[in-house]
Amino acid sequence: MLDSKIPEGPLNEKWTNYKGHCKLVNPANKRRMEIIVVGTGLAGASAAASLGELGYNVKAFCFQDSPRRAHSIAAQGGINAAKNYQNDGDSVYRLFYDTIKGGDYRSREGNVHRLAEVSVNIIDQCVAQGVPFAREYSGLLSNRSFGGTQVQRTFYAAGQTGQQLLIGAYQALERQAALGNVKMYSRHEMLDIVNIDGKCRGIIVRNLVSGKLERYSGHAVVLCTGGYGNVFYLSTNAMGCNVTAIWKAHKQGAYFGNPCFTQIHPTCIPVTGDHQSKLTLMSESLRNDGRIWVPQKQGDTRKANEIPEEERDYYLERRYPAFGNLVPRDVASRAAKERCDAGYGVGTSKQAVYLDYADAISRYGKIECGKLQIENPTAEEIRHHGIEVVKEKYGNLFDMYEKITGENPYQVPMRIYPAVHYTMGGLWVDYELMSNVKGLYVLGEANFSDHGANRLGASALMQGLADGYFVIPYTIGNYLADEIRNAIVSTTHEAFNESEKKVSDRINQLMNIKGSQSVESFHKRLGKIMWEKCGMARNAQGLQEAITEIKGLKEEFWRDVRIPGEINELNPELDKAQRVADFIELGELICIDALNRNESAGGHFREEYQTPDGEALRQDDQYMYVAAWEYKSDHEWELHKEELKYEEVKPSQRSYK
Amino acid sequence: MPPTPKGEFGSSTYFREYSKYFKIKNSPLGDRGMEHYTMNLTLKVWRQKNAQSKGRFETYEVKDISSEMSFLEMFDVLNERLIHEGKEPIAFDHDCREGICGTCSMYINGRPHGPWHATTTCQLHMRAFRDGDTIIVEPWRAKAFPVIKDLIVDRGAFDRIIQAGGFISVNTGSAVDGNAIPIEKENADKAFAAAACIGCGACVAACKNSSALLFVAAKVAHLSLLPQGDPERKTRVLAMIEQMDKEGFGSCSFTQACEAVCPKEISITNISRLKREYMFAGLAADK
């Protein structure tokens, strides 16, 4: 059994007690410590900035051309915090409870409670940095609702909340760069970690412009490299998002936690053809006002606007009256799949459902006409004023939809379908966010810790910033306090030589294959296997087939991939080849984990385990644990378990009815 | 012969006229609405091995391009073909492909990010073009943005401008409650509109002087409109402008080309605000 190092004491005092008792590093010693941060999204930028402010010497790395481009920037809807500014019954406990329940009772109580506690500080910090959150006319902060909750606790900046939060963290990071506390390395990709005597002591990176390998040494390494949704090829992730950094750490001993917990987001723009390179999310905030429906008749070919109200099936409102269109993501996605599989899908592919704003436009229009004292407004006037309101709230999302599909969503309902969006799984970490490799920390989406089997909307931004601003500055000191006597390891140490040689050999091997198939074509094939056999619904037979197919794909990749260009130059195909090689290995582990978990929980839906009405059926007596996989050798992993203890919440079947 | 576009080169009038001349539509619907079609195109693309070598245009014929593809997906198709032919694919910057990360940066038919209004290259779709079109694709051209390879340029200068002062100096943990200081909604909204800048550099690429003033102005406006940004207001604007000059960006002669091509519709009123801030900071400086 793994030890999560959750502090003793009552749940709501654990974090306070921890902070009161953890070891500290004095300012003079901080100046002598070197910390490496990989990734500059919300978790990485906030961690690097905060550690720099404390006086540590930080080196920060990102593969993009600037730290501001990290994929946190694309988060749309918002960030949760238990501020209870709306006086609608919110509290730290309720945010904690919603997150535990939303995660289908597969996350740690201690971590989640800490997350809910620091959520309030995040909002304060961001406002102080100049993040322009939406405000009311009073000048106070505005809130909206997200899935899986019945209160309004989501703070937002139009549909660009992630962008605004990341720019806040990026500016804090650049401020530390100007002060010399952080040294920034853009267009650098981490390709291995260096462990010496059981402790993580450095990294090997590739300068993506020159193609040269470089070595960096530190007292601790913090990985904030995001999720691995691109293992499915098509996802809402950016093209560059990859698993490589955490996969290399995994192969050097770090356990991988719950890899099969992947989130499929219900509202994305459907696939149009084989050329598709990525999928675009339409924010969950759209489910605040939009209504989701399909025709009541199978294979109905009429246009949406020609189908009368009484012939529409608002299936989420029908099945889940208490939460309606705001059920959690896993539930909404499965319900959409169920309707499409049963032949009620819409659009040319029939793999889509409608997200309709006609009701919202009419409701807001009437309110506006009332405010403007228009007597007996015409339908046209109501529509006009309604569209104005919807534009202000969701304008950028509607514009994006129009650009991609060529349809005007103010006129016709949007067509949406679920797509891979987030990965709850990631490297296993303890309460201090340290992996089982000493000195190796993992923050944000890259770790497995807070969301259990399903993440609630607007909680990813919360977790990334909580980890970076408010958790790591304390927990890393508790480790570094014992490292003050240890000088930094020289990068000429034998371990660095070996590690660099290994990375270099692998690159040479890839370049020398000189096969006939492109990297992209392998990635597409992997994605197809994963989506069909390990996507929204999984079963034992499909997973076994997937494992065999992925093994075959791996063999074929290493025999027949074609990478053009040279090693020592900017070579995007080589960058991609290394990432896809890692995705293939990860794909196998995801399927192994999904096959091992004989239950349905959150985003992991095993067809063999469902209630008579099609809801996920957990097996608490057997699977109330975190599956932490240790890499042994090619195709071989050993399972370690961390038992999940619920002291505060009683696990029950999740009900949103 | 088509008429010469009116207005000064690089101005918004010029671009409007230019767009008419090339029959470019600003609507995402193009002039064909929902109709799907395929097209054959001629691409003239800037190829340059690295920063040191000399570049040149290469011509490529691409066939059977669907109107539903994005512009970058069309490049994906071409690159796959080049790989199969044993040639080196075209290097270009891209990441989120949903118009928010600011990575993509192609100068298409003489306009940053191509013909559609308020659209990044990754969100430009092939509906904007017709069968038989010739499309010219270049990297951003500015002294401060040196070419790294093909269509990829180095925009590190933008990071250094932010380092000079594009932040509010508040350490983690020292913030007051988020609602302690109410902010007038109008100012909060204006600050947000300025903060929506994605740092792509289209403004610099469109400017005949390669000025980065719209980028700098957006940041100065974002932070000076908020009470939290007030204490560093004067030093910020002076330091950022100084850094902008040091990086080799040109001066602003207010042709408004930057605003015309900005994918996030950052308004040039921010430049007016910056000039006011700059003058005030200079006049009021105690040093």
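Calculation notes
Residues numbered from 1 in each chain as written. Chains lettered and ligands numbered in written order. Predicted model: local features only at pLDDT ≥ 70, side-chain atom pairs only at ≥ 80, totals over all residues. Helix = DSSP H or I, 4+ residues; strand = E, 2+ residues; numbered from the N terminus. Rg over C-alpha atoms; globule rule 2.2 N^0.38 Å. Buried ≥ 20, exposed ≤ 12 C-beta atoms within 10 Å, placed from the backbone. Contact = placed C-beta atoms within 7 Å. Domains from an automatic or database assignment. Axes fitted to C-alpha atoms, helices over the stretch in contact; angles between N-to-C directions. Parallel < 35°, antiparallel > 145°, perpendicular 65-115°, else oblique. Nonpolar A, V, L, I, M, F, W, Y, C, P; charged D, E, K, R; others polar. Pairing = 2+ DSSP bridges. Expected span 1.5 Å × (residues − 1). Arc of directions from axis to C-beta. Left-handed = near helix turned anticlockwise from the far one by under 90°. Core = buried A, V, L, I, M, F, W, Y, C linked by C-beta atoms within 7 Å.

1. Considering the overall build of chain A
Phase 1: Assigned secondary structure in chain A consists of 17 helices and 21 strands.
Phase 2: For 657 residues, the compact-globule formula gives about 26 Å, and the C-alpha radius of gyration of chain A, at 24 Å, lands near that figure.
Phase 3: Its C-alpha atoms give chain A principal-axis dimensions of roughly 80 × 55 × 50 Å.
Phase 4: Classification of the 657 residues of chain A by burial places 60% in the buried group.
Phase 5: Counting only contacts in chain A whose residues sit at least 6 apart along the sequence, the fraction spanning at least 24 positions is 73%.

2. A look at the overall build of chain B
Phase 1: Broken down by element type, chain B carries nine helices and seven strands.
Phase 2: Burial statistics for chain B: of 287 residues in total, 52% are counted as buried.
Phase 3: For chain B, the share of sequence-separated contacts (at least 6 apart) that also reach a separation of at least 24 residues comes to 70%.

3. Remarks on the domain arrangement of chain B
Residue and element names in this part refer to chain B.
Phase 1: Looking at the assigned domains, one finds that chain B contains domain 1 (12-138) and domain 2 (155-170 + 184-284).
Phase 2: Inter-centroid distance (C-alpha atoms) of domain 1 to domain 2 is 29 Å.
Phase 3: Counting from both sides, the interface comprises 14 residues of domain 1 and, opposite them, 14 residues of domain 2.
Phase 4: For the side of domain 1 that touches domain 2, the secondary-structure elements that each account for two or more residues are helix H1 (12-21) and strand S4 (111-112).

4. What about the packing of helix H10 (residues 358-371) of chain A against helix H11 (residues 379-405) of chain A?
Axes are the key here: two packed helices are described by the angle between their axes and the distance separating the axes.
All names here are of chain A.
Phase 1: The interhelical angle for the contact between H10 and H11, taken along N-to-C directions, is 105°, at an axis separation of 7 Å. By the criterion of interaxial angle, the relationship of H10 to H11 is roughly perpendicular. Judged by residue contacts, Ala360, Ile361, Ser362, Tyr364, Gly365, Lys366, Glu368 and Cys369 of H10 engage Glu381, Ile382, Arg383, His385, Gly386, Ile387, Glu388, Val389 and Val390 from H11.
Phase 2: By residue class, the composition of the contact of H10 with H11 is eight nonpolar, four polar and five charged.

5. With respect to the environment of Asp65(A)
Phase 1: The topology assignment puts Asp65(A) in the loop between strand S2 (57-61) and strand S3 (79-80).
Phase 2: On the neighbour-count criterion, Asp65(A) (26 C-beta atoms within 10 Å) is buried.
Phase 3: Among all residues touching Asp65(A), those that are not within four sequence positions of it are Ser186(A), Arg187(A), Asp93(B), Thr103(B) and Arg155(B).

6. Observations concerning the domain arrangement of chain A
Residues and elements named next belong to chain A.
Phase 1: Each assigned domain of chain A is listed with its residue range as follows: domain 1 (266-420) and domain 2 (494-614).
Phase 2: Taking the mean C-alpha position of each, domain 1 and domain 2 sit 35 Å from one another.
Phase 3: In this assembly, six residues from domain 1 lie in contact with five residues from domain 2.
Phase 4: Top contributing element to the side of domain 1 that touches domain 2 by residue count: helix H9 (residues 329-341), with five residues.
Phase 5: When its residues are assigned to classes, the side of domain 1 that touches domain 2 shows one nonpolar, one polar and four charged.

7. Comments concerning the sheet that holds strand S1 (residues 34-38) of chain A
All names here are of chain A.
Phase 1: Strands sit in the order S5-S2-S1-S9-S17 across an open sheet of five strands; the sheet is parallel. Since the sheet does not close on itself, it has two edges, and those belong to strand S5 (182-185) and strand S17 (440-442), each with one partner. For this sheet, the mean inter-axis angle between neighbouring strands, taken without regard to orientation, is 20°.
Phase 2: The pairing of strand S9 (residues 220-223) with S17 spans three bridges and is classified as parallel. By the bridge assignment for S17, Leu223 is matched with Val442.
Phase 3: Strands S9 and S17 of the sheet are contacted by helix H12 (residues 460-480), whose axis makes an angle of about 150° with S9.

8. Digging into the pairing of strand S15 (residues 414-423) of chain A
Residues and elements named next belong to chain A.
Phase 1: The buried fraction of S15 is high, at 10 of 10 residues.
Phase 2: Bridge count between strand S11 (residues 262-268) and S15: five bridges; the pairing is antiparallel. Each residue of the ladder has a partner; that of Thr262, found in S15, is Thr423.
Phase 3: As paired elements, strand S14 (residues 353-356) and S15 share three bridges and run antiparallel to each other. Following the sheet pairing, Tyr354 is matched in S15 by Arg415.

9. A short note on the interface of chain A and chain B
Phase 1: Tallying the contact residues gives 65 residues for chain A and 66 residues for chain B.
Phase 2: Those elements giving two or more residues to the side of chain A that touches chain B turn out to be helix H3 (42-54), helix H5 (109-129), helix H6 (161-179), H11, H12 and helix H16 (572-596) of chain A.
Phase 3: The residue makeup of the side of chain A that touches chain B, split by class, is 26 nonpolar, 22 polar and 17 charged.

10. Observations regarding helix H7 (residues 233-246) of chain B
Residue and element names in this part refer to chain B.
Phase 1: In this model H7 runs 20 Å from its N-terminal to its C-terminal C-alpha over 14 residues, within 8% of the 20 Å that 1.5 Å per residue would give.
Phase 2: Listed in full, the buried residues belonging to H7 are Arg236, Val237, Met240, Ile241, Gln243 and Met244. The buried residues of H7 occupy an angular sector of 160° when the element is viewed end-on, so they sit on one face.
Phase 3: Those residues of H7 that are buried lie in contact with helix H3 (156-165), helix H6 (213-224) and helix H9 (269-284).
Phase 4: Within two residues after H7, Gly248 carries a phi angle of roughly 95°, on the positive side.

11. Topic: the sheet that holds strand S16 (residues 426-427) of chain A
All names here are of chain A.
Phase 1: Pairing in this open sheet of four strands is antiparallel, and the strands run S16-S10-S20-S21 from one edge to the other. Single-partner strands in this sheet number two, and they are S16 and strand S21 (636-643).
Phase 2: Alignment of strand S20 (residues 625-633) against S21, held across eight bridges, turns out to be antiparallel. From the neighbouring strand, Val626 faces S21, where its bridge partner is Glu642.
Phase 3: Sheet strands in contact with H16 are strand S10 (256-257), S20 and S21, and its direction is about 135° off that of S20.

12. Some details on the packing of H3(A) against H12(A)
Residue and element names in this part refer to chain A.
Phase 1: The N-to-C vectors of H3 and H12 enclose an angle of 20°; their axes lie 8 Å apart at closest approach. Our classification of the angle between H3 and H12 gives roughly parallel. In this structure, H3 crosses over H12, and the sense of that crossing is right-handed. Taking contact as the criterion, the partners of Leu42, Ala43, Gly44, Ser46, Ala47, Ser50, Leu51 and Leu54 in H3 are, on H12, Leu461, Gly464, Leu465, Asp467, Gly468, Tyr469, Ile472 and Pro473.

13. A word on unusual backbone geometry
Phase 1: For Asn87(A), which is not a glycine, the phi torsion comes out positive at approximately 60°.
Phase 2: Relative to the helices and strands, Asn87(A) is located in the loop between S3 and helix H4 (92-102).
Phase 3: In this structure Asn87(A) comes out as exposed when scored by C-beta crowding, with 8 C-beta atoms within 10 Å.
Phase 4: The backbone phi angle of His113(B) is positive, close to 65°, even though this residue is not glycine.
Phase 5: Inspection of the secondary structure puts His113(B) in the loop between S4 and strand S5 (134-138).

14. So, the nonpolar core
Phase 1: Counting residues in each nonpolar core, the largest one holds 289 residues, and the members touching the most others are Val222(A), Leu223(A), Val353(A), Leu427(A), Tyr441(A), Leu214(B) and Val216(B).
Phase 2: Considering every element that reaches this core, the biggest residue donor is H16(A), with 13 residues.
Phase 3: Those residues in contact with Leu427(A) that sit more than four places away from it in its chain are Ile246(A), Ala249(A), His250(A), Ala254(A), Tyr255(A), Phe256(A), Gly257(A), Ser435(A), Val442(A), Ala446(A), Asn447(A) and Phe448(A).

15. Digging into helix H4 (residues 185-195) of chain B
Phase 1: Here H4(B) has its buried residues at Ala188(B), Lys190(B), Ala191(B), Phe192(B), Ala193(B), Ala194(B) and Ala195(B).
Phase 2: Buried-residue contacts for H4(B) involve H6 of chain A together with H6 and H9 of chain B.

16. Digging into the pairing of strand S12 (residues 291-295) of chain A
Residues and elements named next belong to chain A.
Phase 1: Within S12, four of the five residues are buried, which leaves it mostly tucked inside the rest of the structure.
Phase 2: In the sheet, S12 pairs with S14 via three bridges, with the strands oriented antiparallel. Bridge pairing in S14 links Arg291 to Asp356.
Phase 3: Pairing of S12 with strand S13 (residues 312-313), which is carried by two bridges, proceeds in the antiparallel orientation. Each residue of the ladder has a partner; that of Val294, found in S13, is Asp313.

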